[in-house]
Each structure stands twice: as structure tokens, then as C-alpha cells.
Amino acid sequence: MKCIVPIAGPDVWSDAYQLRPLVDVGGQPLLEAALRPRAWASGLTSSDYVFVVRDTTGLGELTNYLTSNWPGCRIVTLSHLTQGALFSCLAAMAMVSPDEPIIIDLADILFSEGPQHPRALFESDGYGAIVPSFSSDESCFSYLKITAGLVIEAREKQVISSHASAGVYMFATSGIFLTAAAHSIAHRDSLAVNNNLFICPMINGVIAAGHTVIAPNITDYHPIGKIFHSL
């Protein structure tokens with residue numbers, strides 16, 4: 001199982017905060033505050049992490065930090081901004097084995113609840129994807145519509161329900177991830193936001209391919225990424 005962490009967006013560096021992934025959160029860098037407490041983190045080794053970064057101010061400092069704190073991790077460096085996190089994560093797919101489960105962690109909401117063993121859950125229950133969620137009505141989040149315990153629709157920055165995505169997306173296999181990415185690209189007229197494609201709407205592609213998706217509720221969330229929304 002691989003955990004892909006895209007940190008190549010337009011706000012990875014700013015004059016106000018400098019390197020976003022290293023912003024102090026309770027005495028530790030944001031990335032560690034987000035990734036270390038995850039319920040499934042004990043099932044991952046440092047080499048299971050794939051960080052997607054961008055050639056921008058502070059790149060050397062960032063890559064040194066990553067290799068020091070996640071020894072053996074993979075780092076994919078982009079030369080320019082992509083048209084959304086979907087494309088940034090596609091750049092990391094060369095580091096993922098066929099049919100390997102994938103976790104996309106946007107690392108912008110702190111929480112420690114959720115499935116401890118996603119791979120086992122995929123194998124036992126046959127889910128196509130798992131998206132931890134929390135209750136909200138703020139338009140800065142992405143949302144999932146749920147019926148009878150299953151996700152039936154996902155939207156980026158559209159309040160279609162009270163179930164907000166916690167910014168972590170678990171796909172049962174790399175094949176399901178790629179199928180979902182292709183679906184988003186084919187439907188970008190309706191799924192893109194400001195001409196960018198993100199991860200949450202990819203869940204529509206998982207559903208369209210005939211897979212079930214669940215969104216377990218979490219209560220210990222802290223949306224630290226909100227401080228960057230004004231940049």
C-alpha cells in the first residue's frame with residue numbers, strides 16, 4: 001500500500017507562511033502533525049510514502065526534510081504547476097505497483113480516526129474506495145452525498161450534503177484510481193473547478209465503474225488547511 005502526498009500546489013510556498021508543509025502546528029511541522037497520527041500509519045513504512053513536490057522556492061529544504069523524516073520515501077518533483085491534484089498524483093503512479101492499494105492524503109485536515117487496516121477492509125468487503133468524512137456545511141470543503149451508507153456522488157467545493165471529505169482518499173487498487181482519473185478527465189466540463197481537476201470528484205468515477213464507496217464518519221478533525229485558503 002502506498003500513500004501519495006501531493007504538496008505541489010500554488011500555495012506550497014508563500015511569503016506569508018513560506019513552506020506550507022513545514023508550518024508549525026503545535027510544535028511540529030504540518031506534515032508530521034497530519035500524517036503521523038493517522039489510524040493506518042502504523043501499517044506503512046517510510047518507503048511507502050510518495051511525496052509529489054514542485055520546483056519552487058525552498059525545494060531543497062523541503063526535500064531534505066522529507067528524506068530525513070521518511071527515510072527511503074519516494075519524491076516526485078514537478079517542474080511546473082499542474083491543472084489540479086489529480087494530475088499531480090498521476091505523476092506519482094510510476095512509484096506504485098499494479099493493483100496496489102493507494103491512499104491519497106492531502107494533509108490539510110488533522111485527524112486520527114478512520115480505518116486502521118484499509119487493505120484488509122478492501123479485501124474483506126470489496127469496497128472500491130474509502131473516504132473519511134465529517135459533518136460540515138462550509139463551502140471551502142468538498143462533499144459526498146450518502147444514501148443507505150454508500151456514497152452516491154462527490155463534488156469539489158459544492159455543499160451537496162452535510163458530509164464533508166476529510167481530505168484522504170483510499171482506492172482499493174491502482175487500476176481503480178486510474179479508471180477514476182480517466183472518468184474525471186472525460187467529464188472535466190462538469191467536474192473541474194477553475195479548470196483544475198481534484199481528487200474528491202474522482203469518487204464519481206469509482207462509482208460509475210460499479211464499485212461501492214463508503215465514507216466513515218470522524219469526529220476528531222481539525223481543518224488546519226483553512227488558514228491557507230485566503231492565499
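See the structure shown above.
Figured I'd write up the structure that's included with this text.

Conventions we followed
Residues numbered from 1 in each chain as written. Predicted model: local features only at pLDDT ≥ 70, side-chain atom pairs only at ≥ 80, totals over all residues. Heavy atoms only, no water. Salt bridge = Lys/Arg side-chain N within 4 Å of Asp/Glu carboxyl O. Helix = DSSP H or I, 4+ residues; strand = E, 2+ residues; numbered from the N terminus. Buried < 20%, exposed > 50% of the residue type's maximum accessible area, 1.4 Å probe, protein only. 1 Å grid on protein atoms, 1.4 Å probe; cavity = no way out; pocket = protein on both sides within 12 Å on 5 of 7 lines; lining within 4 Å. Points joined across faces, edges and corners; volume = space filled by probe spheres on them. Nonpolar A, V, L, I, M, F, W, Y, C, P; charged D, E, K, R; others polar. Pairing = 2+ DSSP bridges. Contact = heavy atoms within 4.5 Å. Axes fitted to C-alpha atoms, helices over the stretch in contact; angles between N-to-C directions.

1. Comments concerning the pattern of salt bridges
If you walk through the whole model with that rule in mind, you get 6 salt bridges. As a salt-bridge pair, E100 and K2 come within 3.1 Å of each other at their nearest N and O atoms. On the criterion of sequence distance, the pair formed by E100 in the loop between α3 (85-90) and β8 (102-105) and K2 in strand β1 (residues 2-6) is long-range, its members being 98 residues apart. A salt bridge links E156 to K157, with the nearest nitrogen and oxygen atoms 2.7 Å apart. For K157, a relative accessible area of 39% translates into the label partly exposed. It is possible to trace a salt-bridge network through shared partners that takes in K145, E153 and R155.

2. Quick word on the environment of G27
Among the structural elements, G27 can be located in the loop between β4 (24-25) and β5 (28-29). Residues G27 and A180, 153 residues apart in the sequence, show an inter-C-alpha distance of 37 Å.

3. Observations regarding the layout of surface pockets
Here the largest pocket is characterised by a volume of approximately 1,000 Å³. What lines the largest pocket is a set of 38 residues, among which D11, R20, D108, K157 and F198 lie closest to the centre. Classifying every residue of the lining of the largest pocket by side-chain character gives 21 nonpolar, 11 polar and 6 charged.

4. So, the sheet that holds β1
Strand order in the open sheet formed by 7 strands is β7-β6-β1-β8-β14-β9-β15, with mixed pairing between adjacent strands. Among the strands making up the open sheet, the edge pair consists of β7 (74-78) and β15 (213-214). Where strand β9 (residues 129-130) and β15 come together, 2 bridges link them in parallel fashion. Its bridge partner lying in β15, A129 is registered against V213. Packing of helix α2 (residues 59-69) onto the sheet brings it into contact with β6 (49-54) and β7, and relative to β6 it is tilted by some 175°.

5. Things to note about the side chain of S184
Looking at where S184 falls in the secondary structure, it is placed in helix α5 (residues 174-186). Apart from residues no more than four positions distant in its own chain, S184 is found in contact with L86, L191, L197, P201 and M202.

6. Here we look at unusual backbone geometry
Positive phi, close to 60°, is recorded for Q18, a residue that is not glycine. Among the secondary structure elements, Q18 is positioned in strand β3 (residues 18-19). The backbone of K157 shows a phi angle near 55°, a positive value even though the residue is not glycine. Checked against the element boundaries, K157 lands in the loop between β12 (150-155) and β13 (163-165).

7. Let's talk about the pairing of β1
Counting buried positions along β1 yields 5 of 5 residues, so the element is predominantly enclosed. Judged by which residues are buried, β1 turns out to be covered on both faces: K2, I4 and P6 on one side and C3 and V5 on the other are all buried. Sheet analysis places β1 next to β8, joined by 3 bridges and oriented parallel. Residue pairing across strands places K2 opposite I102, the latter belonging to β8. Direction of pairing for β1 relative to β6: parallel, over a ladder of 4 bridges. Residue pairing in the sheet places C3 in a bridge with Y49 of β6.

8. Things to note about the sheet that holds β12
Taken in spatial order, the 4 strands line up as β10-β13-β11-β12 in an open sheet, and their pairing is antiparallel. The sheet is open, and its two borders are formed by β10 (133-135) and β12, each paired with just one other strand. With direction set aside, neighbouring strand axes in the sheet form an average angle of 40°. Here β10 runs beside β13; their pairing, made up of 3 bridges, is antiparallel. Residue pairing across strands places S135 opposite H163, the latter belonging to β13.

9. Description of the environment of I203
Examined against the element boundaries, I203 turns out to sit in helix α7 (residues 202-208). Look past the residues within four positions of I203 in its chain and what remains in contact with it is A129, V131, V151, A154, Y169, F171 and V213.

Nothing here speaks to function; it is all geometry.
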